[in-house]
Amino acid sequence: MNDSQAIFELKKVTHYFDNFPALTEINLKIYPGEKVALIGSSGAGKSTLLRLLNGIERPTEGEVWALGRNLSNLSAKRLRQIQRQIGTIYQQFHLVDNLRVIHNVNAGHLGHWSFAKAAISLIFPLEVETAAKALTKVGIPEKLYVRTDRLSGGQQQRVAIARVLVQNPVVILADEPISSLDPERSREIMDLLKEMCETEGKTLVISLHSIEFARSHCDRLIGLRQGKIVFDAPTDVVFESAIADLYR
Ligand SMILES: Nc1ncnc2c1ncn2[C@@H]1O[C@H](COP(=O)(O)OP(=O)(O)O)[C@@H](O)[C@H]1O
Ligand SMILES: [Mg+2]
């Protein structure tokens, strides 16, 4: 049986790339409203873990449950239904550069819109109000019709967050969302993500290079090293020595 309260549950998950174990025997539960930081050196397995959570990768061994479903047992259609409830934000934003901001924000509807509606919207933008509201929430309402590649990195990450707001998922996964931003912009984006999750009651799982932001913005820290969980605890009980060990 799975834990029906959990948003995510991993049971003895091992994942190989060729013969290389990127993750080994991971057991994990994440509950609604948690803000969980994944930390660890480059290559520790953070991105792989996030890709297992949103069903992009299927585990070599073990089970990944998301929103009460075992992702390995789902039809493609069912999997997409679950994936609609999981929003993902990336370091490199994953926006279409030469489109206006509104189209990138509206891409948050793609799991729900028909192909025809999506195609029409590229010519006559639909749901302008929804997009405008999302952009207001992320602090750049005036950028609705600006070409995306005219925006700064921080603004582009705000567009990616607005897209997730429009998708309105239950849980947000973020893979090093601030790694290409300067410290000031990083803080703004972290504040925005935290506030958004708190006010909208969303769960957050975020991989971070910055221990400082993991500590200040997340309530649980999972330390990964060479594909294994080294610690998994509430932020305030993780000692600096444990963190130093993690990067040793
Ligand atoms: N698509 C892939 N093919 C082969 N090896 C991969 C692939 N993705 C990740 N890896 C390997 O798996 C390990 C974990 O990678 P990753 O999850 O990206 O770590 P992190 O995000 O913590 O830097 C690394 O050794 C990496 O080289
Ligand atoms: Mg990574």
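Above this text sits the structure in question.
Let me begin by describing the structure that accompanies this report. (Residues numbered from 1 in each chain as written. Chains lettered and ligands numbered in written order. Predicted model: local features only at pLDDT ≥ 70, side-chain atom pairs only at ≥ 80, totals over all residues.)

Right, let's get into the overall build of the protein chain. Each helix and strand in the protein chain was counted, giving 9 helices and 10 strands. For 248 residues, the compact-globule formula gives about 18 Å, and the C-alpha radius of gyration of the protein chain, at 18 Å, lands near that figure. Taken along its principal axes, the extent of the C-alpha atoms in the protein chain is 50 × 45 × 35 Å. For the protein chain, the proportion of its 248 residues judged to be buried stands at 39%. (Helix = DSSP H or I, 4+ residues; strand = E, 2+ residues; numbered from the N terminus. Rg over C-alpha atoms; globule rule 2.2 N^0.38 Å. Buried ≥ 20, exposed ≤ 12 C-beta atoms within 10 Å, placed from the backbone.)

Once that is clear, we can look at unusual backbone geometry. Excluding glycine, residues mostly carry a negative phi; peptide bonds, for their part, are mostly trans. Phi is positive for Asp18, close to 50°, though the residue is something other than glycine. Mapped onto the secondary structure, Asp18 falls in the loop between β1 (8-17) and β2 (20-30). Not every positive phi belongs to a glycine, and His94 is a case in point at roughly 55°. In this fold, His94 is placed in the loop between β6 (86-90) and α3 (101-106). Owing to 14 C-beta atoms within 10 Å, His94 belongs among the partly exposed residues under this scheme.

Taken together, Phe17, Ala22, Gly40, Ser42, Gly43, Ala44, Gly45, Lys46, Ser47 and Thr48 make up all the residues around ligand 1. Looking at side-chain class alone, the shell around ligand 1 contains 3 nonpolar, 6 polar and 1 charged residues. (Near = placed C-beta within 6 Å. Nonpolar A, V, L, I, M, F, W, Y, C, P; charged D, E, K, R; others polar.)

For the rest of this paragraph, the subject is the environment of Phe93. Residue position: Phe93 is located in the loop between β6 and α3. Aside from chain neighbours lying at most four places away, what touches Phe93 is Gln156, Gln157 and Ala160. (Contact = placed C-beta atoms within 7 Å.)

Okay, the sheet that holds strand β5 (residues 69-70) next. Pairing in this open sheet of 4 strands is antiparallel, and the strands run β2-β1-β4-β5 from one edge to the other. Every interior strand has two partners, whereas the edge strands, β2 and β5, have only one. Pairing geometry for strand β4 (residues 61-66) and β5, over 2 bridges, is antiparallel. Bridged to Trp65 within β5 is Asn70. The sheet contacts of helix α1 (residues 46-53) involve β1, β2 and β4, and relative to β1 the element is tilted by about 125°. (Pairing = 2+ DSSP bridges. Axes fitted to C-alpha atoms, helices over the stretch in contact; angles between N-to-C directions.)

What follows covers the packing of helix α5 (residues 128-137) against helix α6 (residues 153-167). Following both chains from N to C, one finds α5 and α6 inclined at 130°, their axes separated by 9 Å at the closest point. One finds that α5 runs oblique with respect to α6. Crossing handedness for the pair α5 and α6: right-handed. For the pair α5 and α6, the contacting residues are Thr130, Ala131, Ala134, Leu135 and Lys137 in the first and Ala162, Leu165 and Val166 in the second. Looking at the contact of α5 with α6 residue by residue, the class counts come to 6 nonpolar, 1 polar and 1 charged. (Parallel < 35°, antiparallel > 145°, perpendicular 65-115°, else oblique. Left-handed = near helix turned anticlockwise from the far one by under 90°.)

All we've got here are geometric facts, nothing functional implied.
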